[in-house]
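Coordinate analysis (summary)
One-letter residues, chain by chain:
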Amino acid sequence: MPQDPMDFEWSYWIEWGREHILWLLVGHLLVSQVSRLLVEKYKPWCLMVYGMAACWLLLGIKGFAVILLHAAVSFAVAQFQLSLLTWLCSLILLSTLRIPAVEETKRKWYDTENEYYLLLFTVSVRCLFCTSFSLEYCWHRPTQKSSHSFPWMLAYVFYYPTFHNGPLLNFDEFSKQMRRQEAFSVKNNLSILIVGVIRIFFWWCLAELMIHLMYIHALYSSALPLESASYWALGGLALAQVLFFYVKYLVLYGVPALLLQMDGLKPPALPCCVSLMHSFTKMWRSFDVGLHRFLVRYIYVPMGGSQSSLLGMLFSTALTFAFVSYWHGGQSYLWYWGALNWLGVIVENGIKRILSISLIQDLI
């Protein structure tokens, strides 16, 4: 039975995974386990070299140079230890991905659109990693200087399991866990690997079943069936789409999360089932946990967050969603999506504040 071809993201990553990325991840796993067994002290540098080689192999020397240039510029600007300047640099680097002339130049480096898109997606994610390192550098204490060097930035930026599509792991978490030396047990790691592979295979089979039988995205691409459907049917289609999105990211984030565990790191929690969520706030906290931690640590809290006045909280939340919309591409529909999510979070927080008033609680 033919599959629904309209979900670009799933088709794209499965194709790349089968052809190249899955095999490179297996190579990372072998390098990681051998280095943990024989040279634990040098594990970050072994993985850094492997990540650079994998990047060069898949994106070519020009793609590798772009990512290295982004890291070098971010590190140079971070030397001023000014958070505002670091953010300005990050936004400028991110904006270069949307300059038509630059886009056309990068397209000419590759034979196919898929190769260009791989560079685009990879650089977008690397921008977040460069931002995380640079801001941590701005805030680091003198005693932490050794773990905030340029080699550590490269080890973080070129860490291969999270290289192309995430999940996002903030630099402070990465460096603490990567520098921690633990007793290595082949038996324990093998059991983690077997159980993890079985779970991911189950999720992948479920996603493939959904995309071969349900044709959710094909229905959404045509206005005629949507116009003739009842509200109950539309609600069912919406639920089916977000459930597929959830299962898809169990696979896309599950594979790198398993490798993080094998490397002795603690990955961000995998997405929580959307059927268990009833609020915008919980959705943002528990679906993409890595991105949520990034947004809270580097945007929401520095801008005042929930500890500031009502207007301050509204502003910091708006700024957070504005960045998310811009990072995802900045198209008009993404600004609407961000604005609606911001409105949902604000309404929920407003109702919580009203319900926390003692008089209201007594009435309830």
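Calculation rules
- Residues numbered from 1 in each chain as written.
- Predicted model: local features only at pLDDT ≥ 70, side-chain atom pairs only at ≥ 80, totals over all residues.
- Heavy atoms only, no water.
- UniProt positions renumbered as here; feature names shortened; annotations may be inferred.
- Helix = DSSP H or I, 4+ residues; strand = E, 2+ residues; numbered from the N terminus.
- Disulfide = S-S within 2.5 Å.
- Buried < 20%, exposed > 50% of the residue type's maximum accessible area, 1.4 Å probe, protein only.
- Domains from an automatic or database assignment.
- Contact = heavy atoms within 4.5 Å.
- Salt bridge = Lys/Arg side-chain N within 4 Å of Asp/Glu carboxyl O.

The name that an unreviewed UniProt entry assigns to the protein is HHAT palmitoyltransferase, with the source organism given as Campylorhamphus procurvoides. The UniProt entry for the protein carries this comment under Sequence similarities (unreviewed entry): "Belongs to the membrane-bound acyltransferase family. HHAT subfamily."

1. With respect to the environment of S222
Within the secondary structure, S222 sits in the loop between helix 9 (216-220) and helix 10 (223-228). Distance from S222 to Q241, taken between C-alpha atoms, is 15 Å for residues 19 residues apart in sequence.

2. Comments concerning the state of the cysteines
Per the counting criterion, the structure on display carries zero disulfides. Between C130, a cysteine without a disulfide, and C127, which holds the nearest cysteine sulfur, the sulfur-to-sulfur distance is 6.5 Å. Classification of C130 by relative accessible area gives buried; the value is 3%. C138 takes part in no disulfide bond, and the closest cysteine sulfur to it belongs to C89, at a distance of 10 Å.

3. Some remarks on the UniProt feature "transmembrane region" (unreviewed entry) in the protein
Summarizing the sequence annotation, UniProt attributes the feature "transmembrane region" (unreviewed entry) to residues 20-39, 46-69, 75-95, 116-135, 150-169, 190-211, 231-252 and 310-328 in the numbering used throughout. For the annotated span residues 20-39, helix accounts for 95% and strand for 0% of the residues, and the straight-line distance between the end C-alpha atoms is 27 Å. Helix makes up 95% of residues 310-328 and strand 0%, whereas the separation of the span's terminal C-alpha atoms amounts to 27 Å.

4. A few points about the domain arrangement of the protein
On domain assignment, one finds that the protein holds domain 1 (8-179) and domain 2 (269-363). For domain 1 versus domain 2, the distance between C-alpha centres works out to 27 Å. Listed per partner, the contact involves 18 residues of domain 1 and 14 residues of domain 2. Counting across the domain 1 and domain 2 interface gives three salt bridges. Linking R293 and E173 is a salt bridge whose minimum nitrogen-to-oxygen distance equals 3.5 Å.

5. Some details on unusual backbone geometry
Note the cis peptide between G166 and P167, where omega equals 5°. Considering the arrangement of structural elements, one finds P167 in the loop between helix 6 (150-157) and helix 7 (171-179). At Q81, a position not held by glycine, the phi torsion is positive, near 55°. As for its position among the elements, Q81 is in the loop between helix 2 (43-78) and helix 3 (83-95). A positive phi angle, close to 50°, is found at Y215, a residue other than glycine. Mapped onto the secondary structure, Y215 falls in the loop between helix 8 (186-213) and helix 9.

6. A word on the pattern of salt bridges
Enumeration over the complete set of coordinates arrives at seven salt bridges. A salt bridge links K248 to E9; its shortest N-O distance comes to 2.9 Å. Taken together, the residues span a long stretch of sequence, with K248 in helix 11 (residues 231-262) and E9 in helix 1 (residues 8-38) at a distance of 239 residues. Classification of K248 by relative accessible area gives buried; the value is 3%. Close ionic contact of D172 with R297 constitutes a salt bridge, the shortest N to O distance being 3.8 Å. On the criterion of sequence distance, the pair formed by D172 in helix 7 and R297 in helix 13 (residues 289-300) is long-range, its members being 125 residues apart.

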